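Residue-level structure breakdown
Spelled out from the first residue to the last, the chains are:
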Amino acid sequence: MRNFLKNLVATFVCLSGMPFLIRELICRDRIAILMYHDPKPTAFAKHIAYLSRHCTIVSLDTLVSAVHRKDFSQIPPKSVVITIDDGHAGNFKLLPIFKQYQIRPTLYVCTQIVSTHRHFWFKIDGQSKKEKERLKRLSNAERLTRLKRTVDFEPEKTYPDRQAFNVAEMREMAERVDFQPHTRFHPILTRCTEAECEQEILGSKSDLESLLGVECLHFSYPNGDYTEREVQIVKAGGFRSARTTEIGWNTLDTPPYQLNAVPITDNAGLMLFRAELTTIPQRLSRWVTSLSRSNER
Ligand SMILES: [Zn+2]
């Protein structure tokens, strides 16, 4: 039902001419950071082909430097940044597309899950969507206790199958990928103690820097959850930026540690993708979700 509605909204958005109007009028001096998770190569290739015809794909570093300088003059109009979160194994299959279009997207990775047979807590079988949302609201300790009790999950437990890419794949991708940390185990930072929070943020930076031998300067908050405390830890830890999941574009006034994102449905058809570039379907969907949450209360 949700997908049907999403596609229906997308059809209306596209028929209204909004993708063209927003791109030509609004996106001249506003930059979108597209946020993916685990797109399939066929869908992703279509998105990138579309973007390469209508926009300019720039690196995250280019955008962050411009935001710090408060000067977008070096960035072409209608620019977008590509980011992919978590470190899902399937991302490795996108490498030929990165090469073909000569892009260098940012992959934010959970540094204690990539290169291991550990699993992402939110990808454990047998959990409903509702249960996952409930877990996100618990304290970090309570979430882990509940995961252990209900699905026998532990962050450091290893499984026969691999959910994240391995170090050999990372090294192969490194030429065309900007790897950046996304915590160690993907906790909800705002539900962590200060010590846990520092360990997750700063530990993921040092993990990735020693794994790849490069300096990591950009962070993204798991699930987009952050408060002033997380911003301060990220800033003091030597990062130059952090991406949230607030829906929107980035302008000269966007704070570098609260960069906005444009969430993209991983395997969206071209109609939905074009509509999502306007951010209208995502804003509608968040509005509906917040309405149904307030009705639950
Ligand atoms: Zn994530």
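Bear in mind that the values here come from a model prediction, so they are computed numbers and not experimental data.

This paragraph deals with the coordination of the zinc ion. Taken together, the protein ligands of the zinc ion are Asp86 (OD), His182 (NE2) and His186 (NE2), with distances of 2.1 to 2.2 Å. Coordination of the zinc ion draws on donor residues from a single chain, spaced D-x95-H-x3-H in sequence. Here His182 and His186 have matching classes, each one buried.

Inspection of the secondary structure puts Ser73 in the loop between helix H4 (60-69) and strand E3 (79-86). For Ser73, a relative accessible area of 54% puts it in the exposed group. Once the C-alpha coordinates of Ser73 and Ile124 are considered, the two residues, 51 residues apart in sequence, prove to be 45 Å apart.

Attention now moves to the domain arrangement of the protein chain. Many analyses report the size of an interface as the accessible area lost when the parts associate. Split by domain assignment, the protein chain resolves into domain 1 (1-30 + 267-297) and domain 2 (31-266). One C-alpha centre belongs to domain 1, the other to domain 2, and the line joining them spans 22 Å. Taken together, the 23 residues of domain 1 in the interface contact 31 residues of domain 2. Summing both sides of the interface, domain 1 and domain 2 together bury roughly 2,400 Å²; the carbon and sulfur share of this comes to 59%. Together, Arg30, Asn267 and Phe273 form the three largest contributors to the area buried by domain 1 at its contact with domain 2, with a combined 28%. Put simply, domain 1 and domain 2 have 0 salt bridges between them. Inspection of the domain 1/domain 2 interface yields 10 residue pairs in polar contact (both at pLDDT 80 or more). Where the side of domain 1 that touches domain 2 is concerned, the elements lending two or more residues are helix H2 (18-26), helix H11 (270-276) and helix H12 (280-296).

This part covers the pattern of salt bridges. This model, assessed by the stated rule, comprises 13 salt bridges. Here Lys136 makes a salt bridge to Glu133, at a shortest N to O gap of 3.0 Å. Taken together, the residues Lys136 and Glu133, both in helix H6 (residues 129-137) and 3 residues apart, mark about one turn of the helix. Note on Glu133: relative accessible area 24%, which makes it partly exposed. The closest approach of N and O atoms between Lys148 and Asp152, which form a salt bridge, is 2.6 Å. Residue class for Lys148 comes out partly exposed when judged on its relative accessible area of 36%.

We now examine the nonpolar core. Nonpolar side chains tend toward joint burial in soluble globular proteins. Core analysis: the largest hydrophobic core is formed by 52 residues, its most contacted members being Leu34, Phe44, Leu51, Phe98, Leu107, Phe179 and Phe273. Counting residues per element, the ones that place at least two in this core are helix H1 (2-15), strand E1 (32-36), helix H3 (41-54), E3, helix H5 (95-100), strand E4 (106-109), helix H8 (167-173) and H11. Broken down by element, the residue count for this core peaks at 4 residues, all from H3. Each of two domains, domain 1 (1-30 + 267-297) and domain 2 (31-266), supplies a minimum of three residues to this core. Leaving out residues up to four positions away in the same chain, Leu107 has contacts with Ile84, Asn91, Phe98, Phe165, Met173, Val177, Asp178, Phe179 and Gln180.

With that settled, consider the packing of helix H9 (residues 194-212) against helix H10 (residues 228-236). Direction vectors running N to C along H9 and H10 enclose 45°, while the axes themselves pass 10 Å from each other. Viewed along their axes, H9 and H10 adopt a mutual orientation that is oblique. When the axes of H9 and H10 are compared, the crossing they make is right-handed. Across the interface between the two elements, Glu194, Cys197, Glu198, Ile201 and Leu202 from H9 touch Arg229, Glu230, Ile233 and Val234 from H10. The residue makeup of the contact of H9 with H10, split by class, is 5 nonpolar, no polar and 4 charged.

The rules behind the values
- Residues numbered from 1 in each chain as written.
- Predicted model: local features only at pLDDT ≥ 70, side-chain atom pairs only at ≥ 80, totals over all residues.
- Heavy atoms only, no water.
- Donors = N, O, S within 2.8 Å, 3.2 Å for Na, K, Ca; no water.
- Buried < 20%, exposed > 50% of the residue type's maximum accessible area, 1.4 Å probe, protein only.
- Helix = DSSP H or I, 4+ residues; strand = E, 2+ residues; numbered from the N terminus.
- Domains from an automatic or database assignment.
- Contact = heavy atoms within 4.5 Å.
- Buried area = accessible area lost by both parts, 1.4 Å probe.
- Salt bridge = Lys/Arg side-chain N within 4 Å of Asp/Glu carboxyl O.
- Polar contact = N/O pair within 3.5 Å; in protein donor to acceptor, adjacent residues only side chain to side chain.
- Core = buried A, V, L, I, M, F, W, Y, C linked by side-chain atoms within 4.5 Å.
- Axes fitted to C-alpha atoms, helices over the stretch in contact; angles between N-to-C directions.
- Parallel < 35°, antiparallel > 145°, perpendicular 65-115°, else oblique.
- Left-handed = near helix turned anticlockwise from the far one by under 90°.
- Nonpolar A, V, L, I, M, F, W, Y, C, P; charged D, E, K, R; others polar.

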